[in-house]
Structure formats: C-alpha cells, structure tokens
Amino acid sequence: MPPIHSPPTVLCVGGHDPSGGAGIGADAEAVRAAGAFALTVVTALTDQDTRGLRQVYPQPAARIEAQCRALIADGDPAAIKIGLIGDARLVPILCAICDDHPALPVVLDPVLASGAGQALADAALIQALLTDLLPRATLVTPNLPEAQRLSGGADAADCARRLRAAGARWVLITGTHEDAPAVTNRLYGNDGDPQARTWPRLPGDYHGSGCTLASAIAARLALGLSLPTAVAAAQDYTWTSLARAWRTGRGQLTPNRLYALPRDPAGCGAAP
C-alpha cells in the first residue's frame, strides 16, 4: 500500500452558522479548497440565516479549551484561525493556547458584526481583543468599520498604525464596506507602505466573505507560504468565490468556496 498523504491541518475556532455562509462551515470549505484540512471548534451557536442574525449562544469556556487542546495534541495543526468569539471570557483561554504554541501562525478575524450588520461583540470583548489577543496574532483581518471600531482610527492607514502599535504584526484591512467602484485591500507590515490590491466591486451582498478570506490565508500559511504570498493568493481565491456565489436563501449570497470542484450529475457544481 502506498503511503497515505496527509495535508497540513488548521485549527479553526469560531461560531457555527446554520446557513453555511459564514462561520465554521465557511472555514472548513476555504481551508479544504486550499489543500489543507480544518480542525473545528465551535465558540458559539447562532440563530441566523442569509437574511440576518437573531441570537448568539456562547459555549462554555472550559469545553472550548478542552476541545482546542485535544485537537492540537491529536492533529498537530500548522496554523490557527480565530473568528467569532462571542464572549470576552473566552479570550484568556485563546491567549493561553497561543502562548503554549508560539510557533503557530495565528490569523485573527475580529468578527464584530454579522454580514447584515448585527453587533456580535460588546465593549468588554472589543477591549480584550485589542489588549490581549491582538498582540498574539500574526495577522489581523478587519474590514474598515471593524478596524475603526477596534482602534479608534480615522482611515485605513491610521487604523493600521494604531493596531500595529497595539501589537499586531501584520494588518490586512479590507475595503468591502467602502463606497467605491472597486474594492481595495491593504496589507500593512514592518516596511511602511501598504501592499494594496484592487478588484472590481461585485454586485450584491455576500455572507461570509471575511471568514473565507481569513481561513484561506491561514490554510496557505499552514502550507508554508510566506505571509504576503499567502495573503495575495487568498484574496484572489476569495474574489473568485464571490464572483461565483450561490443563491442559497432569500438574503445575502453565499460564496462558492468549492468552485473548482467538477459539476455533479445534476449540474449543480461550479459555475462555468
């Protein structure tokens, strides 16, 4: 029997979205599409669909810690992706896990609101993210409103400067919420000027684009790519998954993260 090929694994920590557009389901698809494998820990159950979010049910902190540690011991992940936290009491646990595994790159997607705009973080959680978890992240991936809420900055450059001063090593600020005909994402690091990439703005609204991007980056870091290369490749992948999005409900569109799969016999696979 030939040796079994094992892909690198990514520990994905985040909320469960029953619609499949965002959260852990999105993480698993984006990680697998990159050629890695997702180990998943649910921080919160949610009552939501493509039209919006109604309720968040954070899970017990001890249960989340035990599951994270069990998966790390068993699956030996090569990267960590953190999304929806839902409760400030989970932050010390996540910080301890990061401290116990300092060699693992950590991609932090600070989910402060749902795709439809409902708040998902209170003042205590925002403060804990900024002062405790942010300094442990290799990369933080806020959209501009999230960056402004986290840092108090005026524009992307000001937000990035403040977030890096708070301890973030790399900051990727996405332009999906800007009023412009194109979407420009800016990656800030130690070298001063941001690395900016621009795509045509797609029509419609999308559920889970931030989860898709952050998880796609984490997967590529697990595969051994440098951070700028991982970010560039993940951004191209995310734009394509949005361009080929599904209509799975009556609200926002769902990214087609597995668009590269062949069509199934019913013709419901990737768009041509």
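Let me sum up the structure you'll find in this document.

About the thresholds
Residues numbered from 1 in each chain as written. Predicted model: local features only at pLDDT ≥ 70, side-chain atom pairs only at ≥ 80, totals over all residues. Heavy atoms only, no water. Helix = DSSP H or I, 4+ residues; strand = E, 2+ residues; numbered from the N terminus. Rg over C-alpha atoms; globule rule 2.2 N^0.38 Å. Buried < 20%, exposed > 50% of the residue type's maximum accessible area, 1.4 Å probe, protein only. Contact = heavy atoms within 4.5 Å. Areas by Shrake-Rupley, 256 points an atom, 1.4 Å probe, with all protein chains shown as cover. Polar contact = N/O pair within 3.5 Å; in protein donor to acceptor, adjacent residues only side chain to side chain. Pairing = 2+ DSSP bridges. Axes fitted to C-alpha atoms, helices over the stretch in contact; angles between N-to-C directions. Parallel < 35°, antiparallel > 145°, perpendicular 65-115°, else oblique. Left-handed = near helix turned anticlockwise from the far one by under 90°. Nonpolar A, V, L, I, M, F, W, Y, C, P; charged D, E, K, R; others polar. Disulfide = S-S within 2.5 Å.

Next up on the list: the overall build of the protein. The number of helices and strands found in the protein is eight helices and nine strands. Against the 2.2 N^0.38 benchmark of 19 Å for 272 residues, the protein shows a C-alpha radius of gyration of 17 Å, consistent with a compact globule. Each of the three principal axes of the protein carries a C-alpha extent, and together these read 50 × 50 × 40 Å. Burial statistics for the protein: of 272 residues in total, 50% are counted as buried. In the protein, once contacts between residues fewer than 6 apart in sequence are set aside, the share between residues at least 24 apart is 66%. Summed over all atoms, the accessible surface of the protein reaches about 12,200 Å², with 55% contributed by carbon and sulfur.

One can find D87 in the loop between β4 (79-82) and α3 (91-100). Its relative accessible area of 16% is what places D87 among the buried residues. Among the polar contacts listed, one links the side chain of D87 to the side chain of R89, at a separation of 2.7 Å. Setting aside its immediate chain neighbours within four residues, D87 contacts P58 and L125.

Taken in spatial order, the nine strands line up as β3-β2-β1-β4-β5-β6-β7-β8-β9 in an open sheet, and their pairing is mixed. The sheet is open, and its two borders are formed by β3 (52-58) and β9 (195-200), each paired with just one other strand. Relative to β9, strand β8 (residues 182-188) runs antiparallel, the two sharing six bridges. Along β9, the bridge assignment pairs N185 with R197. Packed onto the sheet, helix α1 (residues 23-33) meets β1 (9-16), β2 (37-49) and β4 and runs at close to 155 degrees relative to β1.

Interhelical geometry of helix α2 (residues 61-75) versus α3 gives an angle of 20 degrees and a closest axis separation of 10 Å. Between α2 and α3, the angle falls in the class roughly parallel. Classified by chirality, the crossing of α3 by α2 is right-handed. Of the residues in α3, those touching α2 at A61, A62, E65, C68, R69 and I72 are I93, A96, I97 and D100. Grouping the constituent residues of the contact of α2 with α3 by class yields seven nonpolar, no polar and three charged.

According to the stated counting rule, one finds zero disulfides in the structure shown. No disulfide involves C12; its sulfur sits 10.0 Å from the nearest other cysteine sulfur, which is in C211.

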